[in-house]
Amino acid sequence: MAQLSDDCFAFGGPLMPLDDMIALLSARLQPVEGTEVVPLVKADGRVLAEDIHAPFSLPAFTNSAVDGYAVRGADLPSDGERTFTVAGRLQAGAKAEKSVMPGEAVRIFTGAPMPEGADTVFMQEDARIDDRGHVILPSGLKRGANMRPAGEDIAAGQLVLETGQRMRPQDVAVAAALGLAQVTVRRRIRVAVLSTGNEIVAPGAPRGPAQLFDSNRFMLMAMLARLGCEVSDLGMLGDDRAAIAGGLKEAAAGHDLIITSGGVSTGEADYVRDGVESVGSLVFWRVAIKPGRPVAMGVIDGTPLIGLPGNPAASFVTFVCVARPALLALAGARPQTPPPMPVRAAFTYKKKEGRREYVRASLRKAPDGSLEAVKFPREGAGLLSSLVETDGLVELGEETTRVEPGQTVAFLPYSGLF
Ligand code: AMP
Ligand code: MG
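About the criteria used
Residues numbered from 1 in each chain as written. Chains lettered and ligands numbered in written order. Predicted model: local features only at pLDDT ≥ 70, side-chain atom pairs only at ≥ 80, totals over all residues. Heavy atoms only, no water. Helix = DSSP H or I, 4+ residues; strand = E, 2+ residues; numbered from the N terminus. Rg over C-alpha atoms; globule rule 2.2 N^0.38 Å. Buried < 20%, exposed > 50% of the residue type's maximum accessible area, 1.4 Å probe, protein only. Contact = heavy atoms within 4.5 Å. Lys, Arg positive; Asp, Glu negative; His and termini not counted. Charge placed at Lys NZ, Arg CZ, Asp CG, Glu CD. Salt bridge = Lys/Arg side-chain N within 4 Å of Asp/Glu carboxyl O. Phe/Tyr/Trp six-rings, centres within 6.5 Å; stacked < 30°, edge-to-face > 60°. Lys NZ or Arg CZ within 6 Å of the ring centre and 35° of its normal. Pairing = 2+ DSSP bridges. Axes fitted to C-alpha atoms, helices over the stretch in contact; angles between N-to-C directions. Parallel < 35°, antiparallel > 145°, perpendicular 65-115°, else oblique. Left-handed = near helix turned anticlockwise from the far one by under 90°. Nonpolar A, V, L, I, M, F, W, Y, C, P; charged D, E, K, R; others polar.

A count of helices and strands for the protein gives seven helices and 28 strands. For the protein, the C-alpha radius of gyration of 30 Å lies well beyond 22 Å, the compact-globule estimate for 418 residues. Seen through its principal axes, the protein has C-alpha atoms that stretch 95 × 50 × 45 Å. In the protein, buried positions account for 48% of the 418 residues. Once local pairs closer than 6 in sequence are excluded, the contacts in the protein between residues at least 24 apart make up 71%. Placing the 43 positive and 49 negative side-chain charges of the protein at their respective mean positions leaves the two points 3 Å apart.

Below you can see the structure in the form of structure tokens.
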């Protein structure tokens with residue numbers, strides 16, 4: 001599972017800028033090897049391991065876009081009305097057997113193939129039938145109206161889905177429309193998750209007076225599952241150097257990535273960094289972001305490890321900023337996150353230059369209909385309510401030092417991140 005080499009890409013400076021860290025991750029993390037063929041019903045969320053070209057054009061045949069009457073363009077009345085004899089009826093799925101002759105209209109339904117000779121369809125709402133059963137059609141329609149030419153959607157041979165695409169429902173649909181019953185995808189990446197700390201206990205277990213329930217592990221596992229990973233729940237480890245070192249070494253075997261929470265700061269009981277150094281090597285452990293400055297990356301027996309801080313909001317933000325790009329790189333997924341949305345700040349904020357900050361915020365509609373970001377009133381990295389009660393993160397660049405109400409800021413909705 002060697003995705004990362006142990007060599008000299010350790011960062012010399014005190015805090016690594018986020019962009020440098022992401023460049024480093026994407027340069028060094030190779031997609032896992034191994035693909036599998038999955039039926040389309042299992043393809044949603046999987047990372048495509050093949051380019052898909054259209055074997056034929058879509059639509060495959062020119063067809064009617066409405067229920068109505070198909071006629072020859074040359075017969076369109078230039079003004080007034082014109083009466084046509086009705087020469088046949090074509091429902092969706094039927095084969096157009098004979099050509100439409102001058103003066104003839106064919107009763108046609110949505111999706112039915114256009115009969116030879118016809119290139120224009122009148123909507124049935126615009127047609128009248130006279131007492132002889134002829135159809136009377138008005139003027140004013142453009143030649144070519146209400147029909148869907150073959151290939152107007154996708155041309156035969158066109159590249160439709162690219163390797164690295166994380167399949168969305170619409171991607172599954174286009175594969176189906178092209179007649180594919182299965183697609184080749186990368187295997188899911190295997191991620192081990194564990195929490196550290198003497199103070200944490202599993203939900204459901206008895207909790208001592210100075211203990212708290214382990215919430216990070218469940219948050220991380222849920223995010224990983226949404227990102228299509230195969231997750232191993234490795235539980236919790238106490239703040240014990242040997243136990244953490246041993247646990248990490250064990251986790252490295254059989255996984256493509258290890259994600260831990262807690263124990264990466266400079267406290268005396270922060271053993272994750274120590275642990276990585278004793279059984280592998282540390283790549284970096286401080287990134288210039290807030291919340292979440294202490295976030296470690298290391299390599300153990302070729303398996304990358306990302307050590308997230310213990311405070312839940314810091315864990316969340318560093319997962320999004322550091323772990324997510326790493327695991328998408330391992331999964332072989334092309335970066336597909338839409339750029340942040342520009343919204344108006346409805347808050348004042350001061351920050352230090354030189355680090356990227358993520359401010360938890362909710363969106364609301366301003367009286368003029370535009371969107372405003374409202375900052376969560378408190379800033380603690382330990383506040384779970386700050387995640388639960390907000391819609392996303394306002395991203396403030398390294399150079400920003402102040403935000404004033406009305407200023408345009410970049411907003412990352414949570415819904416776009418998983
Ligand atoms: P640490 O990063 O280990 O210094 O942890 C910082 C704080 O995060 C701790 O004091 C806990 O309050 C909290 N914390 C650590 N681990 C977890 C966890 N697994 N779930 C929820 N909170 C945690
Ligand atoms: Mg701790």
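Inspection of every chain in the model, using the stated rule, returns 21 salt bridges. Residues R82 and D75 are paired through a salt bridge, measuring 3.7 Å at the closest nitrogen-oxygen approach. Residue R82 is classed as partly exposed on the basis of its relative accessible area of 32%. In this structure, the salt-bridge partner of R344 is E372, at a minimum N-O distance of 3.3 Å. Residue R344 is found in strand 22 (residues 341-345), and its partner E372 is found in strand 25 (residues 371-375); the two are separated by 28 residues along the sequence. Judged by its relative accessible area of 26%, R344 is partly exposed. Three or more residues joined by partner-sharing salt bridges are found here, namely D19, R356, E395 and E398.

So, on to the environment of A156. Of note, A156 is situated in the loop between strand 10 (147-148) and strand 11 (159-161). In this structure the C-alpha to C-alpha distance between A156 and A60, which are 96 residues apart in sequence, comes to 8.9 Å.

A few words now on the side chain of T400. Locating T400 in the fold gives a position in the loop between strand 26 (392-396) and strand 27 (402-403). Discounting chain neighbours no more than four positions away, the residues touching T400 are K351, K352 and E353.

Before going further, it helps to examine the packing of aromatic side chains. This model, assessed by the stated rule, comprises three aromatic pairs. A centroid spacing of 6.5 Å and a plane angle of 80 degrees characterise the contact between F347 and Y349, whose relative ring orientation is edge-to-face. Across the pair, exposure class does not vary: F347 and Y349 are buried alike. Feature note: the residues F316, Y414 and F418 constitute an aromatic cluster, connected by ring pairs. Taking the ring centre of W285 as reference, the NZ or CZ of R273 above it sits at 3.8 Å. Over the face of the ring belonging to W285 we find R286, whose NZ or CZ atom lies 5.3 Å from the ring centre.

So, about the pairing of strand 5 (residues 81-90). With four bridges joining them, strand 5 and strand 9 (residues 135-138) adopt antiparallel strand pairing. Counterpart to R82 in the pairing with strand 9 is L137. Relative to strand 6 (residues 104-108), strand 5 runs parallel, the two sharing four bridges. Its bridge partner lying in strand 6, T85 is registered against E104.

In this section: the packing of helix 4 (residues 241-252) against helix 5 (residues 272-279). Two elements in contact, helix 4 and helix 5, have axes whose closest approach is 8 Å; the angle formed by their N-to-C orientations is 55 degrees. Considering the angle they form, helix 4 stands oblique to helix 5. For the pair helix 4 and helix 5, the crossing hand works out as right-handed. The residues of helix 5 that touch helix 4, namely those facing R241, I244, A245, L248 and K249, are V272, D274, G275, V276, S278 and V279. Tallied by class, residues from the contact of helix 4 with helix 5 come to six nonpolar, two polar and three charged.

We now examine the sheet that holds strand 4 (residues 68-71). Note: strands within a sheet are paired through backbone hydrogen bonds, in either parallel or antiparallel orientation. With mixed pairing, six strands are arranged side by side in an open sheet as 7-4-6-5-9-8. Strand pairing shows two members of the sheet lacking a second neighbour, strand 7 (120-123) and strand 8 (128-129), which therefore form its edges.

All we've got here are geometric facts, nothing functional implied.
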